[in-house]
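So you can see what is in the structure, the chains are spelled out below.
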Amino acid sequence: MKINKRLTVYLLNLFLLVIFPTQAQENKELAQEIANPLTTMIMVPIQFEYNENIGPVDDGTRSTIFVQPIIPFELSEDWNLITRTIVPIIQQDDIFPGAGSQQGIGDISESLFFSPDKPTENGWITGYGPYLQFDSATDDYLGYEEHGLGGSFIALRVDGSKTYGFLANHVYSVEGHIGGTYSNTFIQPFFDYTTEGAMTIELTSETNYNWNNDDWSIPLTLTASQFFMVGDQPILVGGGFKYWIESAPGDPEGMSYNLNLYLLFPK
């Protein structure tokens, strides 16, 4: 009987040492895959962001839900097409004196990244393609009132627990005089670290430069998100803070807050 008990304890310890680290490693790999904007898995990030101190007298507030499905397509053995759609659902108040309240959908954007299936010799994963912005706002104060067209480029590298790189795009308004309404450059460097416990900590900046008005918007964002399995569904849940280092007219000032939910659909 004593031998059987000892054998049972030994086998249980062996199970804990072998099975749990394997599951933890799988969770970490999936969590890190979510940090990859050029993932070849279907992913649906949903982000809630709250901003205040908007407008010339800092009375405005804005709450936005960004629904951002990422859908990959295999074009050939060597190339993939990754589509990234961003749908903003906005509720805002008093963004300038007398503006009142608005709620609805803002301008929808679409990025198409043509990406080689294999990284470069230096380990970089790249993607590039057209960037489209649609005049889809349900209220004049929720968008630019004009379609936009431009290009996007992304480069990233996975180095152990770290994922880092940058996303850049430029978009021109295309109705009437090209770039007459807006001409914007967007640059997003990012650095993600995924722990052994499948938590991803990200530092990023969604910097925008308005060429027409010579205005910079430079927010710095820090988030932490934890990987979970809900049944068979992999998810990442977290939140963080955004601090506006530089604000263009009409941008928030000071601190903003966000909550994130990522739904991953492995093949």
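Residues numbered from 1 in each chain as written. Predicted model: local features only at pLDDT ≥ 70, side-chain atom pairs only at ≥ 80, totals over all residues. Heavy atoms only, no water.

Points about unusual backbone geometry
So, point 1. The backbone of Asn53 sits at a positive phi, close to 60°, despite the residue not being glycine.
So, point 2. With respect to the helices and strands, the residue Asn53 is situated in strand β1 (residues 42-54).
So, point 3. According to the relative accessible area criterion, Asn53 is partly exposed, its value standing at 29%.
So, point 4. Phi is positive for Glu145, which is not a glycine, with a value near 65°.
So, point 5. Residue placement: Glu145 occurs in the loop between β7 (124-134) and β8 (148-159).
So, point 6. Overall, Glu145 belongs to the partly exposed group, its relative accessible area being 47%. (Helix = DSSP H or I, 4+ residues; strand = E, 2+ residues; numbered from the N terminus. Buried < 20%, exposed > 50% of the residue type's maximum accessible area, 1.4 Å probe, protein only.)

Structural notes on the nonpolar core
So, point 1. Counting residues in each nonpolar core, the largest one holds 20 residues, and the members touching the most others are Ile34, Leu38 and Phe227.
So, point 2. In terms of residues, this core owes the most to one element, helix α1 (residues 2-34), which gives three residues.
So, point 3. Beyond its immediate sequence surroundings of up to four residues, Ile34 is in contact with Met43, Phe227, Leu236, Tyr262 and Leu264. (Core = buried A, V, L, I, M, F, W, Y, C linked by side-chain atoms within 4.5 Å. Contact = heavy atoms within 4.5 Å.)

Observations concerning the packing of aromatic side chains
So, point 1. All told, the structure shown has nine aromatic pairs when counted by the stated rule.
So, point 2. Aromatic pair Tyr209 and Trp216: ring centres 4.6 Å apart, planes at 40°, arrangement tilted.
So, point 3. Exposure remark for Trp216: the relative accessible area of 41% places this residue in the partly exposed category.
So, point 4. Following the ring pairs from residue to residue traces out a cluster consisting of Trp124, Tyr164 and Phe191. (Phe/Tyr/Trp six-rings, centres within 6.5 Å; stacked < 30°, edge-to-face > 60°.)

Here's the deal with the pattern of salt bridges
Opposite charge on two side chains makes pairing possible when the charged atoms of those side chains draw close.
So, point 1. Applying the stated criterion across every chain yields a total of three salt bridges.
So, point 2. A salt bridge links Lys28 to Glu196; the shortest N-O distance between them is 2.9 Å. Note that Lys28 is positioned in helix α1 and Glu196 in the loop between β10 (183-194) and β11 (199-205), a separation of 168 residues in sequence.
So, point 3. Take Glu196: its relative accessible area is 54%, and that puts it in the exposed class.
So, point 4. A salt bridge links Lys242 to Glu49; the shortest N-O distance between them is 2.9 Å. Here Glu49 lies in strand β1 and Lys242 lies in strand β14 (residues 233-246), a separation of 193 residues in the sequence. There is no split in this pair, since Lys242 and Glu49 are both buried.
So, point 5. Bridged by salt links that share partners, the residues Glu49, Glu206 and Lys242 form one connected network. (Salt bridge = Lys/Arg side-chain N within 4 Å of Asp/Glu carboxyl O.)

Notes on the confidence of the model for the protein
So, point 1. Taken over all residues, the pLDDT of the protein has a mean of 89, while the share at 70 or more is 91%.
So, point 2. Counting interchain partners and residues more than four positions distant, the pLDDT-below-50 stretch residues 14-22 has two contacts. (pLDDT = per-residue confidence, 0-100.)

Side note on the pairing of strand β4 (residues 79-93)
So, point 1. Of all 15 residues in β4, eleven are buried; the element is thus mostly enclosed.
So, point 2. Bridge count between strand β2 (residues 60-67) and β4: seven bridges; the pairing is antiparallel. Across the sheet, residue Thr61 finds its bridge partner in β4, namely Asp93.
So, point 3. Where strand β3 (residues 70-74) meets β4, five bridges bridge the pair, whose relative direction is antiparallel. Each bridged residue has a counterpart across the sheet, and for Ile70 the counterpart in β4 is Arg84.
So, point 4. From the end of β3 to the start of β4, which pair antiparallel, there are four residues.
So, point 5. In the sheet, β4 pairs with strand β6 (residues 108-116) via eight bridges, with the strands oriented antiparallel. Across the sheet, the residue bridging to Leu81 is Phe114, located in β6.
So, point 6. Of the pairings in the sheet, the one linking β4 to strand β5 (residues 101-105) comprises five bridges and is antiparallel in character. From the neighbouring strand, Gln91 faces β5, where its bridge partner is Gln103. (Pairing = 2+ DSSP bridges.)

Notes on empty space enclosed by the protein
So, point 1. Within the structure shown, the criterion is met by one cavity of 30 Å³ or more.
So, point 2. Reported here for the largest cavity is a volume of approximately 30 Å³.
So, point 3. What lines the largest cavity is Pro37, Ile82, Arg84, Phe113, Ile154 and Leu167.
So, point 4. Each residue belonging to the lining of the largest cavity can be placed in one class, and the counts come to five nonpolar, no polar and one charged. (1 Å grid on protein atoms, 1.4 Å probe; cavity = no way out; pocket = protein on both sides within 12 Å on 5 of 7 lines; lining within 4 Å. Points joined across faces, edges and corners; volume = space filled by probe spheres on them. Nonpolar A, V, L, I, M, F, W, Y, C, P; charged D, E, K, R; others polar.)

Thoughts on the pairing of β8
So, point 1. Across ten bridges, the pairing between β7 and β8 is antiparallel. Paired with Gly127 across the two strands is Ile154, which belongs to β8.
So, point 2. Two elements, β8 and strand β9 (residues 162-173), share twelve bridges in a ladder whose sense is antiparallel. Across the sheet, residue Gly151 finds its bridge partner in β9, namely His170.
So, point 3. Counted along the chain from β8 to the antiparallel partner β9, the turn is two residues long, and its residue Gly160 has a positive phi close to 65°.

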